[in-house]
Amino acid sequence: MKSAERLHDLLHSYGRFYGDEEEPLAEFCAAWCEGIGVEEAARRLGADLDSRTDGDLRNIANAKGDNLVLVGPSGAWTLIFQIGGWDCASLVGMSALSRDSGRALSLAWGYDGDETLNYAMDGQMITSLSVTYPPLRDGADPHALDPYVEGLRFELGSGPEGPSLAECVTSALTVIARVTGREIDQERLDGTHALYLMPSRD
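Owing to the predicted nature of the structure, the values given are computational and were not obtained by experimental measurement.

Draft legend 1. Spotlight on helix H3 (residues 91–98). Along H3, the residues classified as buried are Gly93, Met94, Ala96, Leu97 and Ser98. Elements in contact with the buried residues of H3: strand E1 (28–34), helix H2 (38–45), strand E4 (77–83), strand E5 (103–110), strand E6 (113–121) and strand E7 (124–130). The first or second residue beyond H3 is Asp100, which carries a positive phi of 60°.

Right under this line is the structure:
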């Protein structure tokens, strides 16, 4: 495992639990929010609080429902994995998770790529950028995350010596770790957390 790709590879090793063994981790959606607990994070996203059960990434694909969030602590922040939806990385979701002077980050991609890192503060989207082409960015302050990118490589397709997709994703996860103070790790990924049903997709 290359050190520059290690966080992507760690996540990829759990990809088969998402229910797609042929293309593990072809879809991914996660968010980190500061200053609110597990139940409050689920409530702000519109989850069914009465549906709460214990779960982990190893059994999430077998849980009932087509749109689920797995919510648990990650250091001083709360980490949300979403399977079957994009609520926690959407503009509405990020606004909800960061309102009342909070902060939130998300990382998401789908089968068509579009790997996007979002950063919100106090209900406002501050930065939204493409992990594979950082010049493509938006938000109230498109360069707010720049202090956290030192030594990291993005921009997929920037030549034979450029970063791989795995390195771009690892770089994005490293930015998130630098903001939140905790890197995603096996202990967090193996942990049992609160599993909630989200509204079904139409």
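Draft legend 2. A look at the environment of Leu107. In this structure, Leu107 sits in strand E5. Along the chain, Leu107 and Ser200 lie 93 residues apart, while their C-alpha atoms are 21 Å from each other. Leave out the neighbours within four places in its chain, and Leu107 touches Phe28, Cys29, Ala30, Trp32, Thr116, Leu117, Val131, Val169, Ala172, Leu173 and Ile176.

Draft legend 3. Here's a closer look at the sheet that holds strand E8 (residues 137–138). As summarised here, the arrangement of the nine strands in space is E2-E9-E3-E4-E1-E5-E6-E7-E8, forming an open sheet in which the pairing is antiparallel. Every other strand in the sheet has two partners, leaving strand E2 (48–55) and E8 as the edge strands with one partner each. As paired elements, E1 and E5 share six bridges and run antiparallel to each other. Note on E5: the bridge partner recorded for Trp32 is Leu105. Against the sheet, H3 makes contact with E1, E4, E5, E6 and E7, and its axis sits at roughly 155° relative to E5, the strand it touches most.

Draft legend 4. Structural view of unusual backbone geometry. Positive phi is not limited to glycine here, since Asp122 has a value of about 50°. Among the structural elements, Asp122 can be located in the loop between E6 and E7. A relative accessible area of 48% means that Asp122 is categorised as partly exposed. Positive phi, normally seen in glycine, also occurs at Glu155, with a value near 55°. Turning to its location among the elements, Glu155 is positioned in the loop between E8 and helix H4 (165–180).

What counts and how
- Residues numbered from 1 in each chain as written.
- Predicted model: local features only at pLDDT ≥ 70, side-chain atom pairs only at ≥ 80, totals over all residues.
- Heavy atoms only, no water.
- Buried < 20%, exposed > 50% of the residue type's maximum accessible area, 1.4 Å probe, protein only.
- Helix = DSSP H or I, 4+ residues; strand = E, 2+ residues; numbered from the N terminus.
- Contact = heavy atoms within 4.5 Å.
- Pairing = 2+ DSSP bridges.
- Axes fitted to C-alpha atoms, helices over the stretch in contact; angles between N-to-C directions.

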